[in-house]
6 protein chains.
Amino acid sequence: MPKVTVHRKAHFNAAHQLHRKEWSSSKNFEVFNKCSNPNFHGHNYELIVSLKGEIDKETGYVYDLGKLKRLIKEEIEEAFDHKNLNIEVPEFKELNPTAENISVVIYNRLRVHIPSHLEMEITLYETPRNFVTYSGD
Amino acid sequence: MPKVTVHRKAHFNAAHQLHRKEWSSSKNFEVFNKCSNPNFHGHNYELIVSLKGEIDKETGYVYDLGKLKRLIKEEIEEAFDHKNLNIEVPEFKELNPTAENISVVIYNRLRVHIPSHLEMEITLYETPRNFVTYSGD
Amino acid sequence: MPKVTVHRKAHFNAAHQLHRKEWSSSKNFEVFNKCSNPNFHGHNYELIVSLKGEIDKETGYVYDLGKLKRLIKEEIEEAFDHKNLNIEVPEFKELNPTAENISVVIYNRLRVHIPSHLEMEITLYETPRNFVTYSGD
Amino acid sequence: MPKVTVHRKAHFNAAHQLHRKEWSSSKNFEVFNKCSNPNFHGHNYELIVSLKGEIDKETGYVYDLGKLKRLIKEEIEEAFDHKNLNIEVPEFKELNPTAENISVVIYNRLRVHIPSHLEMEITLYETPRNFVTYSGD
Amino acid sequence: MPKVTVHRKAHFNAAHQLHRKEWSSSKNFEVFNKCSNPNFHGHNYELIVSLKGEIDKETGYVYDLGKLKRLIKEEIEEAFDHKNLNIEVPEFKELNPTAENISVVIYNRLRVHIPSHLEMEITLYETPRNFVTYSGD
Amino acid sequence: MPKVTVHRKAHFNAAHQLHRKEWSSSKNFEVFNKCSNPNFHGHNYELIVSLKGEIDKETGYVYDLGKLKRLIKEEIEEAFDHKNLNIEVPEFKELNPTAENISVVIYNRLRVHIPSHLEMEITLYETPRNFVTYSGD
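Everything numeric here is computed off the predicted structure, so don't read it as measured data.

1. Things to note about the overall build of chain A
- Tallying secondary structure elements over chain A gives four helices and five strands in all.
- Reading the secondary structure of chain A in the N-to-C direction produces β-α-β-α-β-α-α-β-β.
- Dimensions of chain A, computed from C-alpha atoms along their principal axes, come out at roughly 60 × 25 × 25 Å.
- In chain A, which comprises 137 residues, the share counted as buried stands at 60%.
- A separation of at least 24 residues holds for 67% of the contacts in chain A among residues at least 6 apart in sequence.
- For chain A, the accessible area works out to roughly 5,700 Å², and carbon and sulfur atoms hold 49% of it.
- For chain A, the distance from the average site of its 18 positive side-chain charges to the average site of its 20 negative ones is 2 Å.

Next up, the structure:
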């Protein structure tokens, strides 16, 4: 059967701050600039989850996008939406919530729920002009 | 010469229904949910056709996008736009018109008109949040 | 208190057909062209509901957009999404489901649930290039 | 000379929290739901500033959009971008930073710099699905 | 019958230069900055034509959007698309092709073809961040 | 460390003309159609620069997107924005400024400033419907 990639778009709104606690405020500002604001700032994150695999002959689906929508809601939106990523998402206790690291965390949270024969890729827009992609490399 | 991918975006509006005639209505509803509505529903499909190959030294083109626009119009838009996919597009007499299957049908319809040294990929948006890609794998 | 307009965007996917049963097929095709296809075609409708009024001093809201989101879901999305407008939405038994008429039907369905001191406007995108606005005039 | 409205789009990313300090946490949650998160959440705000007036015969401009771009940068972006609205923008010390109130604050900050013969309107997107407009009424 | 506004989106790509021949180069640069480049620069203009009037009882249309599409193509796109506005569009021989003036020229070209009982408005995007509206005032 | 691709979006507005000086006007028109207009036409080009590499353990960045933004501004926007590509960008003295060739020129201009362990890809939108990608193949 042909191999197709299916994509589902979702979104969440969150606050964050980029900083490294081993560094001074001035070093943090030098590296992360206004993103290091200790009072936090925030974004409307747009998320695309992509799954590649063979079309199922019976259904014509690679993976039910309604099921993927619910999975993203339960595993990502409920944990990230209207949250402070630094304070309320455990992975970012010790990890800087850059778009790069957030995409890896989302990948890891979803990967365990997705059948292993499907390839997965995460695209995460932090703003309409800054975005990242991660596919488990 | 450098290898570049050129992309052309097009669109068509169509009605469809997801169902499998071997299955009962309730089984169809269980699998395809509201997409199984026997009275049909519809979408504004957004289509991107991508062709990868070497830049022609004389023209600076990989493939004339005006020609690609006309090809998509003749082979896809005229057959799919303002149509009922299940009833009026022959490939879907026996094939469920999921986004996955539609992308394969579009790929196959166009592939025969595109020079074989060019790689081709189809991206099809069923809604702004659900889309698929197929590149002949 | 200042008067502000708040807007909430929603969407639904539906099939429809433009035709007038008093007219012949050829007259219908002459007026409605490919939109008169008796097998139906469809769209991803994008809907914006706008409410204008004074900011409430206590909440800072004109109207709770979460409440408006639920109202649109209950009154419009559940009735229109993944439906055939001609067959399954009673108002269109005798009324042609043009974007113009759909916007008036949506306005009338919502108006009764919105406090009368708020002005209301409906914007409805049938495609990204065709859309309408109606404000009860 | 003809009267035209000119519009300039800008954006800023900020954290905020909706709450009313006279109210208990549970009352705040009841009214503002997840927007009341005391750890803050955030948005990519998209801002449109619109000015209406006669075209200047010499320049063909209603108002120089380069000048408007700089004014928005100095008066709004520098004060709001990558900031925590509740903590770092003085107007929100006592005022809930709902989209409605933010649009009024932006209007008031800009109005004093815009010639009085021009009408002004503010459009503010909090998310792609929630937005407000304010024109000084 | 209810009064509805119908909108049709179109686009054209053109080169232009902002300058006033009575002024020196340095005065032109001072006022129009990089837009005064004598070698021209260009834009993908996005155009929205809006018509407001009563819904026709027989058709459910305010104005046939297919007809409006053809009118925009004949009167605007054929004259402006892939053209140099300063050199090839007669109205700009003596008039600076600012977005403001282009919107007035488009309004005047279309107004004569639109029934007088319909109100008309032009929205013209010069870039995604700069746009204008004109309604004949 | 995981390998992530980071993307930064930028834009510039420019005039151009497609033609080959070895060819007659009629041959140029035959091949490039209205794009061969000797008076030039223009576009709002949207540019995406993508860099793939390992996340830096200390910063959580693959490459500082603020630095990439400044690099694009200095190397591309200042040279291309509000310019006539045929006349004012040296690479196009002898090279047709098709989207394909522009993407290769941008790639080559940026590649020398980007660390060699990062993979780079350029996406260039000439219009919302025509775009190209180049990754150095």
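2. Structural notes on the side chain of D:T59
- Considering the arrangement of structural elements, one finds D:T59 in the loop between β2 (41–54) and α2 (65–80).
- Setting aside chain neighbours within four positions, we find D:T59 in contact with E:W23, E:V31, E:F32, E:N96 and E:T98.

3. A short note on the pattern of salt bridges
- What the rule picks out here adds up to 42 salt bridges over all chains.
- Between C:D81 and B:K34 there is a salt bridge, with the nearest N and O atoms lying 2.7 Å from each other. In this pair, C:D81 is assigned in the loop between α2 (65–80) and β3 (83–84) and B:K34 in the loop between α1 (25–32) and β2 (41–54), connecting two distinct chains.
- The class of B:K34 is partly exposed, set by a relative accessible area of 40%.
- A salt bridge links B:K73 to B:E78; the shortest N-O distance between them is 3.8 Å.
- We classify B:E78 as partly exposed; its relative accessible area is 48%.
- Through salt bridges that share partners, A:R20, A:E22 and F:E58 make up one connected network.

4. As for the side chain of C:N37
- With respect to the helices and strands, C:N37 occurs in the loop between α1 (25–32) and β2 (41–54).
- Residue classification places C:N37 among the buried positions, given a relative accessible area of 10%.
- Polar side-chain contacts of C:N37 include one of 2.8 Å to the backbone nitrogen of C:N39.
- Once residues within four sequence positions are removed from consideration, C:N37 is found in contact with B:H82, B:K83, B:N84, B:E88 and C:Q17.

5. Things to note about the packing of helix α2 (residues 65–80) of chain E against helix α4 (residues 99–111) of chain E
Residues and elements named next belong to chain E.
- Between α2 and α4, the least distance of the axes is 10 Å, while the angle of their chain directions is 140°. Considering the angle they form, α2 stands oblique to α4. Like other packed secondary-structure pairs, α2 and α4 cross with a definite hand, here right-handed. Counting all contacts with α2, which are made through L71, E75, I76, A79 and F80, the residues of α4 involved are I102, V105, I106, R109 and L110.
- Among the residues making up the contact of α2 with α4, the classes are represented as eight nonpolar, no polar and two charged.

6. Brief notes about the relation of the copies chain D and chain A
- Between chain D and chain A, which share one sequence, the superposing operator has a rotation angle of 180° and an axial displacement of 0.0 Å; the RMSD is 0.0 Å. The transformation relating the two chain copies, once decomposed into turn and shift, fits a two-fold axis.
- Here 100% of the interface residues in chain D have copies in chain A that are interface residues too; the copies meet face to matching face.

7. Structural notes on the confidence of the model for chain A
- Here chain A shows a mean pLDDT of 97. Residues at 70 or above account for 100%.
- At the level of chain-chain contacts, confidence expressed as ipTM amounts to 0.96, with global pTM at 0.97.

8. Description of the packing of aromatic side chains
- Following the criterion strictly, the structure yields 36 aromatic pairs over all chains and no others.
- Relative to B:F32, the ring of A:Y61 lies with its centre 5.5 Å away and its plane at 85°, an arrangement referred to as edge-to-face. You can see A:Y61 sitting in the loop between β2 (41–54) and α2 (65–80) and its partner B:F32 sitting in helix α1, one on each of two chains. In this structure, A:Y61 and B:F32 share a single accessibility class: buried.
- With centroids separated by 4.3 Å and ring planes inclined at 15°, the aromatic side chains of B:Y125 and B:F131 adopt a geometry described as stacked.

9. Brief notes about the interface of chain D and chain A
- Taken together, the contact between chain D and chain A spans 22 residues of the former and 22 residues of the latter.
- Between chain D and chain A lies a buried interface of about 1,800 Å² when both sides are counted; carbon and sulfur atoms form 49% of it.
- Considering only the surface of chain D that becomes buried against chain A, D:N39, D:N44 and D:H82 emerge as the three largest contributors, covering 34% of it.
- Here chain D is connected to chain A by 17 residue pairs in polar contact (both at pLDDT 80 or more).
- Elements that contribute at least two residues to the side of chain D that touches chain A include exactly β1 (3–16), β2, β3 (83–84), α3 (85–88) and β4 (119–127) of chain D.
- Counting residues per element, the side of chain D that touches chain A draws most heavily on β2(D), at five residues.
- Across the side of chain D that touches chain A, the residue classes tally to six nonpolar, 10 polar and six charged.

10. Regarding α2(C)
- Taken as a whole, α2(C) carries its principal kink of about 40° at C:K73.
- Burial in α2(C) covers these residues: C:L65, C:L68, C:L71, C:I72, C:I76, C:A79 and C:F80.
- On the buried face of α2(C), the contacting elements are β1 (3–16), β2, β3, α3 (85–88) and α4 (99–111) of chain C together with β5 (130–134) of chain D.
- One side-chain oxygen at the N-terminal end of α2(C) lies 2.8 Å from the backbone nitrogen of C:G66; it belongs to C:D64.
- After α2(C) finishes, the residue C:H82 shows a positive phi value of roughly 60°.

11. Thoughts on the arrangement of the chains
- Nothing in chain A touches chain C, and the closest approach of their C-alpha atoms is 14 Å.
- What separates chain B from chain E at the closest point of their C-alpha atoms is a distance of 14 Å, and the two make no contact.

12. Brief notes about the pairing of β2(C)
All names here are of chain C.
- Most of β2 is tucked away: 13 of the 14 residues are buried.
- Of the strand pairs in this sheet, β1 and β2 are connected by 14 bridges, and their pairing is antiparallel. Looking at β2, one finds that F12 is bridged to Y45.
- Relative to strand β4 (residues 119–127), β2 is paired through seven bridges, and the arrangement is antiparallel. Residue V49 lies in a different strand from β4, and its bridge partner there is I122.

13. What to know about unusual backbone geometry
Residues and elements named next belong to chain C.
- Phi angles above zero are rare outside glycine, and F40 is one such case at about 75°.
- Structurally, F40 can be placed in the loop between α1 and β2.
- In this structure F40 comes out as buried when scored by relative accessible area, which is 11%.

14. So, the pairing of strand β4 (residues 119–127) of chain F
All names here are of chain F.
- Of the pairings in the sheet, the one linking β4 to strand β5 (residues 130–134) comprises five bridges and is antiparallel in character. In the strand pairing of β5, L124 is matched with V132.
- From the end of β4 to the start of β5, which pair antiparallel, there are two residues.

15. So, the environment of F:V31
- Tracing the backbone shows F:V31 in helix α1 (residues 25–32).
- You can call F:V31 buried: its relative accessible area is 18%.
- In this structure, the C-alpha to C-alpha distance between F:V31 and F:L65, residues 34 residues apart in sequence, is 40 Å.
- Apart from residues no more than four positions distant in its own chain, F:V31 is found in contact with B:T59, B:Y61, B:D64 and F:W23.

What counts, and at which threshold
Residues numbered from 1 in each chain as written. Chains lettered and ligands numbered in written order. Predicted model: local features only at pLDDT ≥ 70, side-chain atom pairs only at ≥ 80, totals over all residues. Heavy atoms only, no water. Helix = DSSP H or I, 4+ residues; strand = E, 2+ residues; numbered from the N terminus. Buried < 20%, exposed > 50% of the residue type's maximum accessible area, 1.4 Å probe, protein only. Contact = heavy atoms within 4.5 Å. Areas by Shrake-Rupley, 256 points an atom, 1.4 Å probe, with all protein chains shown as cover. Lys, Arg positive; Asp, Glu negative; His and termini not counted. Charge placed at Lys NZ, Arg CZ, Asp CG, Glu CD. Salt bridge = Lys/Arg side-chain N within 4 Å of Asp/Glu carboxyl O. Polar contact = N/O pair within 3.5 Å; in protein donor to acceptor, adjacent residues only side chain to side chain. Axes fitted to C-alpha atoms, helices over the stretch in contact; angles between N-to-C directions. Parallel < 35°, antiparallel > 145°, perpendicular 65-115°, else oblique. Left-handed = near helix turned anticlockwise from the far one by under 90°. Nonpolar A, V, L, I, M, F, W, Y, C, P; charged D, E, K, R; others polar. Least-squares fit on C-alpha atoms with pLDDT ≥ 70 in both. pLDDT = per-residue confidence, 0-100. Phe/Tyr/Trp six-rings, centres within 6.5 Å; stacked < 30°, edge-to-face > 60°. Buried area = accessible area lost by both parts, 1.4 Å probe. Bend = angle between axes of the 7 residues up to and from the residue. Pairing = 2+ DSSP bridges.

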